[in-house]
Every structure is written in structure tokens, then in C-alpha cells.
Amino acid sequence: MGGKKPSLALVLTSVLLWGGGVARSHHLLVLLVCESQMYHQYFCSSAWVVSAYGLGGLILTLWIVNAYLNVQLNAWTARFYDLMQNATKMEPGVVTFDDAQPLFVEWAVMSGINVCSKPIINWLTRHWAFYWREALTADLLFRWRSKAGSESARRIEGASQRVQDDCYQLSRFLCDLGQGILAAFLELITFCPVLWSLSSGIEGLPNGLLMWAALGGFVLGYAVSILVGWRLVSLEYNNQAAEAAFRKELVYAEDEVQGHGELSVSHGLFRALRRVYYTLFAHLLYFETWSALFLKAMSLIPLVVLAPHVYNRSITLGTYMQAVGAFNSVTEGMSQPLSRWVDFNIMLSVVRRLREFESALPPREVLKTYDESSRLIGSGPEPELHGMRTIEE
């Protein structure tokens with residue numbers, strides 16, 4: 001049984017199915033999590049339609065091309081190891097190193113495109129996420145600094161931090177986690193048909209066993225992970241609140257505001273910060289122990305399932321290596337939320353803080369001076385950064 005190379009139609013069909021389902025679920029998720037506020041400021045504004053959809057579509061297209069190349073590289077693995085296995089089985093000189101030269105050229109072309117495209121995708125994604133931050137920041141600044149906004153925002157601690165740091169954190173997580181999740185889902189959807197094909201037709205194994213094992217294992221794993229790590233979002237939120245209180249006291253002390261800067265107060269705030277961090281560290285200890293054990297157990301599945309069939313020659317070495325690569329790609333896609341669980345908790349706590357801040361601000365509709373131009377930072381002279389050192393290029 002040789003390596004199987006998936007057709008372009010099969011890969012594109014999987015990607016399109018993924019795209020339709022995720023587009024609907026993403027829209028629903030944004031409406032539920034962000035209450036349509038952060039979403040509308042970027043995706044429903046005519047000022048940002050080119051960057052939100054045009055640039056976003058280009059990034060998605062480049063990721064689809066990369067996912068297709070990864071599938072082809074996986075198929076290349078089967079052909080390469082099958083050729084190597086034939087060289088060990090046949091008489092010397094029947095299969096030579098020269099027979100592998102076209103495979104090396106094919107690998108170099110596909111890998112070159114794959115490697116060169118990654119920095120371009122990262123550059124475009126950083127700009128796309130920063131445009132979202134600009135749209136969100138301009139909107140929050142206008143509503144916050146209005147008379148009604150200034151009065152209502154007094155009820156929220158750390159308003160300035162939410163405009164600056166939380167918007168920054170959100171854009172950073174959109175760039176980092178967003179790219180990771182997109183790439184992981186594309187890997188998952190494009191490699192699932194490959195994994196099904198490679199683990200079907202093997203004597204003594206149900207069709208698609210590896211794919212069902214991966215799906216079943218991660219459904220069980222995530223169910224346990226939710227139970228084990230259910231407190232982490234609230235703990236991270238508490239950490240950010242404690243950090244904000246400590247930072248605010250330090251800023252007041254730096255500006256020599258009367259009534260602030262006492263060591264006893266600063267020490268007390270840091271003790272509160274230490275307490276919430278130690279609590280978080282304790283919960284992370286058992287969660288990360290569980291996730292490490294689970295991911296290690298999942299990595300053993302293709303070895304346990306397929307290794308005996310390599311020894312009895314039901315499958316070739318090339319097929320085995322291709323199946324292991326496809327399984328690793330599928331499990332990598334499925335494990336993305338689990339391996340980045342802490343980052344997801346931080347992002348969710350940032351979203352929670354921004355939602356609280358937005359709910360305390362007056363709606364855009366009641367601000368009569370609010371128009372489309374209020375959403376743009378625009379260009380113009382930059383003020384001096386008084387008291388701040390910058391590194392000149």
C-alpha cells in the first residue's frame with residue numbers, strides 16, 4: 001500500500017466547508033462575546049471596509065495556499081520514504097540516490113514558497129490587527145472623552161488602561177492567537193480527509209480509525225480540560241484588576257499626586273498582587289500537568305495503531321510516515337486551544353474588561369456629534385514624548 005496524494009478538489013472542498021461553518025460560528029461568537037461592539041467598530045464601518053474585508057480576504061487566501069502546500073509536502077513524505085525502503089530491499093544499484101533528486105527539487109520549491117510566504121502573512125496580519133485596534137481606540141476615545149462618557153466612566157477602574165493597554169492586548173492576541181487558530185483549523189480540515197484515506201483499507205482496522213481516534217480523544221480531552229481549568233479566566237481577570245490598581249498608584253506617585261506614593265499603600269497593593277498570582281500559579285500547576293499527560297498520550301496513537309502493520313507489511317514505511325505526519329497535523333490543529341489555554345484566558349479577560357468599559361460609556365447613538373470621521377485617528381504631527389526615552393533608528 002503506497003502513499004496517497006489527495007486531489008486539489010478534495011482539499012479545496014474541505015477548506016470551503018470549513019470556511020462556511022467557521023464564518024457563521026465566528027459571527028455568532030463575536031456577537032455573543034463582544035456584544036457586537038468591538039465587531040461593529042471595525043467590520044461594520046465604511047471607513048474600514050477595505051482593510052477589514054479586503055486585507056482579511058488576502059490573508060485568508062495566503063493561509064489556504066499554505067495549507068494546500070502542507071498537504072502536498074505530506075504526500076511527498078510517503079513517496080520519499082517508499083523510495084528509501086525500496087532501495088534497502090532491492091539489489092544495490094537498482095535504486096540510486098539519483099532517483100531521489102527530482103523529489104528534492106520538488107521539496108525545495110514547495111518549502112521555499114511556504115517559508116517565504118510566512119513573513120508576508122505575519123506582516124499583513126499585524127497591520128490588519130492594528131487597524132482593528134485603531135478603529136476600537138478612536139471609538140472608545142471619542143465616547144470616553146465626551147461629557148457624558150467622562151461622568152459615566154468614573155465608575156470603572158483603570159479607564160485609561162482599558163483604552164490603551166487592553167486595546168493593545170486585544171490586537172496582539174488577534175494577531176497571535178487569531179493566526180494560530182486559523183492555521184490550526186486549516187490544517188485540521190485539510191488533513192482530516194488525508195488521515196481518513198490513509199487509515200482506511202488496512203486489514204484488521206476499521207476505516208478511518210486514526211481520524212476517529214483523534215476526534216474522540218480530543219472531545220474527551222477538552223471536556224476534562226474545561227472542568228479542570230474552569231477557574232482560570234476569573235483568576236486572570238483578578239490578576240489584571242490587581243495589576244491595574246498597583247500601576248495606577250505608581251502613576252499617581254510618579255506625578256506626585258497628593259495622598260499617593262506612600263510605601264505602606266504600595267506594599268499593600270503588591271501583596272494583593274502577589275496573592276492573586278500565587279493562586280493562579282497553583283491552578284496552572286495541575287492544569288498544565290493534565291494537558292502535558294493528555295498530549296503525550298495522544299502522540300502514541302499512530303504508533304500503537306499502525307506500527308504492527310508496518311512489521312507485517314500491510315502498509316509501507318512511506319504510508320506509515322505520511323499517516324504519522326497527517327495525524328500530527330490534525331492533533332496539532334485540535335490541540336491549539338489546549339496548548340494556548342493560558343493565552344486564551346488572558347484574551348477572554350481582556351475582552352471582559354473592554355465589554356465592562358463599553359457598557360459604562362454612552363451609546364454612540366446619543367452622541368449627536370458622533371460621525372464616521374470620529375472613528376479615524378488620521379494623520380498629523382506627533383507630540384513630543386515628554387520624559388520618555390526612545391531609540392532612534
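Refer to the structure printed above.
Notes on the structure in this doc start here. (Residues numbered from 1 in each chain as written. Predicted model: local features only at pLDDT ≥ 70, side-chain atom pairs only at ≥ 80, totals over all residues. Heavy atoms only, no water.)

Helices and strands together make up the secondary structure of the protein, namely twelve helices and zero strands. Going residue by residue from the N terminus, the α and β elements of the protein occur as α-α-α-α-α-α-α-α-α-α-α-α. Taking all 393 residues of the protein together, the buried fraction comes to 44%. Long-range pairs, those at least 24 residues apart, make up 85% of the contacts in the protein between residues at least 6 apart in sequence. Summed over its atoms, the accessible surface of the protein is roughly 21,800 Å², and 64% of this surface lies on carbon and sulfur atoms. (Helix = DSSP H or I, 4+ residues; strand = E, 2+ residues; numbered from the N terminus. Buried < 20%, exposed > 50% of the residue type's maximum accessible area, 1.4 Å probe, protein only. Contact = heavy atoms within 4.5 Å. Areas by Shrake-Rupley, 256 points an atom, 1.4 Å probe, with all protein chains shown as cover.)

Once that is clear, we can look at the environment of Ala138. With respect to the helices, strands and loops of the structure, Ala138 is situated in helix α4 (residues 101–145). Of the residues examined, Ala138 reaches a relative accessible area of 5% and is grouped as buried. For the pair formed by Ala138 and Val163, sequence separation is 25 residues and the distance between their alpha carbons is 9.2 Å.

With 34 residues, the main nonpolar core has Leu195, Leu210, Leu232, Leu306, Phe327 and Val330 as its most contacted residues. Looking at which element gives the most residues to this core, the answer is helix α11 (residues 317–339), with eight residues. Apart from residues no more than four positions distant in its own chain, Leu210 is found in contact with Leu195, Ser199, Ile301, Pro302, Val305, Leu306, Ala323 and Phe327. Core analysis: the next-biggest nonpolar cluster, separate from the first, contains 32 residues, Ile59, Leu124, Leu136 and Leu174 among them. (Core = buried A, V, L, I, M, F, W, Y, C linked by side-chain atoms within 4.5 Å.)

Attention now goes to a nonpolar patch on the surface. Together, Val49, Val50 and Tyr53 line one region of the surface with nonpolar side chains, adding up to about 290 Å² of accessible area. Residue placement: Val50 occurs in helix α3 (residues 49–89). Using a relative accessible area of 66% as the deciding quantity, one classes Val50 as exposed. (Patch = residues over 30% accessible without salt bridge, like charges linked within 9 Å, V, L, I, M, F, W, Y side chains within 5 Å. Salt bridge = Lys/Arg side-chain N within 4 Å of Asp/Glu carboxyl O.)

Right, let's talk about the pattern of salt bridges for a bit. For the structure on display, the rule yields one salt bridge. Among the salt bridges present, the one from Arg79 reaches Glu106, with a minimum N-O distance of 2.5 Å. Taken as a pair, Arg79 in helix α3 and Glu106 in helix α4 lie far apart in primary sequence, 27 residues in all. Relative accessible area serves as the criterion here: at 29%, Arg79 is assigned to the partly exposed category.

Turning our eyes to something else, we now look at unusual backbone geometry. Of note in the backbone geometry, Arg313 takes a positive phi value of approximately 65° without being a glycine. Residue position: Arg313 is located in the loop between α10 (301–311) and α11.

Now for the side chain of Thr137. Looking at the secondary structure, you find Thr137 in helix α4. Setting aside anything within four residues of it in sequence, one finds Thr137 in contact with Val163 and Cys167.

Right, let's get into the packing of α3 against helix α6 (residues 159–198). Two elements in contact, α3 and α6, have axes separated by 10 Å at closest approach and are oriented at 40°. Judged by the angle between their axes, α3 and α6 are oblique. Crossing of α3 over α6 shows right-handed handedness. Contacts between α3 and α6 involve Leu60, Trp63, Ile64, Ala67, Asn70, Val71 and Asn74 on the former and, on the latter, Gln179, Leu182, Ala183, Leu186, Glu187, Thr190, Phe191 and Val194. Here the contact of α3 with α6 is composed, by residue class, of ten nonpolar, four polar and one charged. (Axes fitted to C-alpha atoms, helices over the stretch in contact; angles between N-to-C directions. Parallel < 35°, antiparallel > 145°, perpendicular 65-115°, else oblique. Left-handed = near helix turned anticlockwise from the far one by under 90°. Nonpolar A, V, L, I, M, F, W, Y, C, P; charged D, E, K, R; others polar.)

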